[in-house]
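Letter by letter, the chains look like this.
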Amino acid sequence: MTHELPALLYDYNALEPHIDEQTVRLHHGKHHAAYVAGYNKAESMLAEARNKNDYSLVKHWERELAFHGAGHYLHSLYWENMGPNCGGQPDGALLKSIEERFGGYDRFMAQFKAAGAAVEGSGWVLLAANHRTKTLDILTVEKHQDLTLWFVTPLLVCDVWEHAYYLKYQNNRAAYIEAFPQLINWKDVMQRYEKCR
Ligand code: MN3
């Protein structure tokens, strides 16, 4: 299976002023595209290893598979869970679950922002549905794949790699995270939650 870079559902400048056009162009067209290419490469190299029955580099390609594959999926979700004229708060079943789990939307968002700001190095913060506990979790990820928990479905993700914010916010990751809620497409997040319930 060949993986492809998904088109954005909005213009490159649609996330202004919170995320600038140049950042979105580079982030989507260069960074995300590189993860898609890396994912395809890892899959083809593992297929070649099976054909040749030569697993001398299997550790390397399995690592590449996880890094680039997770990068591709997280970025795909990131573009979908943002949009122009968004923000506000969720409602319905998702809001109810957030309230039950975190003690209210404001407490949820406070933890989400703090967790994102605290990611060491490059990574992500996400809201996920946990299929074992039937509740929600806020998780942090280093790189695209480290520190993950199994049996979860990411619902909302925020990229906190420097390439997501450095052109506009420089080293001030907290300011980028502070602006992020104004871009959240809660309709998309709620649809994802409905699908996985
Ligand atoms: Mn990124």
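Higher on the page you've got the structure.
Residues numbered from 1 in each chain as written. Predicted model: local features only at pLDDT ≥ 70, side-chain atom pairs only at ≥ 80, totals over all residues. Heavy atoms only, no water.

J.: Looking at this model, I keep getting lost on the coordination of the manganese ion. Mind explaining?
T.: Ideal donor angles around a metal are set by the shape: a four-donor tetrahedron calls for 109.5 degrees, a six-donor octahedron for 90 or 180 degrees. The manganese ion binds to the protein through His27 (NE2), His75 (NE2), Asp159 (OD) and His163 (NE2), with metal-donor distances spanning 1.9 to 2.2 Å. For the manganese ion, the single-chain donor residues occur in sequence as H-x47-H-x83-D-x3-H. Here the residue His27 occupies a position in helix α1 (residues 21-52), and His75 occupies one in helix α2 (residues 58-80), the gap between them amounting to 48 residues. The exposure class of His27 is buried, given its relative accessible area of 2%. (Donors = N, O, S within 2.8 Å, 3.2 Å for Na, K, Ca; no water. Helix = DSSP H or I, 4+ residues; strand = E, 2+ residues; numbered from the N terminus. Buried < 20%, exposed > 50% of the residue type's maximum accessible area, 1.4 Å probe, protein only.)

J.: What exactly am I supposed to notice about the sheet that holds strand β2 (residues 135-142) here?
T.: Within a beta sheet, neighbouring strands are joined by backbone hydrogen bonds and run either parallel or antiparallel to one another. In spatial order, the strands read β2-β1-β3; together these three strands make up an open sheet with antiparallel pairing. Two strands lie at the open edges of the sheet, namely β2 and β3 (152-159), each paired on one side alone. Between one strand axis and the next, the sheet turns by 25° as a mean value, whatever way the strands run. In this structure, strand β1 (residues 123-130) lies alongside β3, joined through seven bridges in antiparallel fashion. Within β3, the position partnered with Asn130 by the bridge is Val152. (Pairing = 2+ DSSP bridges. Axes fitted to C-alpha atoms, helices over the stretch in contact; angles between N-to-C directions.)

J.: Just to check I follow, could you spell out unusual backbone geometry for this structure?
T.: Leave glycine aside and you will find that most residues have negative phi; peptide bonds, for their part, are mostly trans. With omega at 0°, the peptide bond leading from Glu16 into Pro17 counts as cis. Assignment of secondary structure puts Pro17 in the segment before α1. Phi is positive for Leu147, which is not a glycine, with a value near 80°. Inspection of the secondary structure puts Leu147 in the loop between β2 and β3. Taking relative accessible area as the criterion, Leu147 reaches 51% and is therefore assigned exposed. Despite not being glycine, Gln170 has its phi angle at roughly 50°, a positive value. With respect to the element layout, Gln170 can be found in the loop between α5 (166-169) and α6 (173-179). Under the relative-accessibility criterion, Gln170 is labelled partly exposed at 41%.

J.: Before we go on, may I ask you to explain the pairing of β1 in this structure?
T.: Where a strand is regular, its side chains alternate between the two sheet faces. Taking burial as the measure, the eight residues of β1 include eight buried ones, the bulk of the element. What you see with β1 is no split at all: Gly123, Val125, Leu127 and Ala129 on one side and Trp124, Leu126, Ala128 and Asn130 on the other are buried throughout. Where β1 meets β2, eight bridges bridge the pair, whose relative direction is antiparallel. Bridge pairing in β2 links Asn130 to Thr135.

J.: It is not clear to me how the nonpolar core should be interpreted in this structure. Could you clarify?
T.: The nonpolar side chains of a soluble globular protein tend to be buried with one another. By size, the foremost hydrophobic cluster in this structure holds 52 residues, and its most contacted members are Tyr78, Phe108, Phe112, Leu127, Tyr176 and Trp186. The element that contributes the greatest number of residues to this core is β1, accounting for six residues. The residues contacting Phe108, other than those within four sequence positions of it, are Ile98, Phe102, Leu127, Ile138, Leu156 and Trp186. (Core = buried A, V, L, I, M, F, W, Y, C linked by side-chain atoms within 4.5 Å. Contact = heavy atoms within 4.5 Å.)

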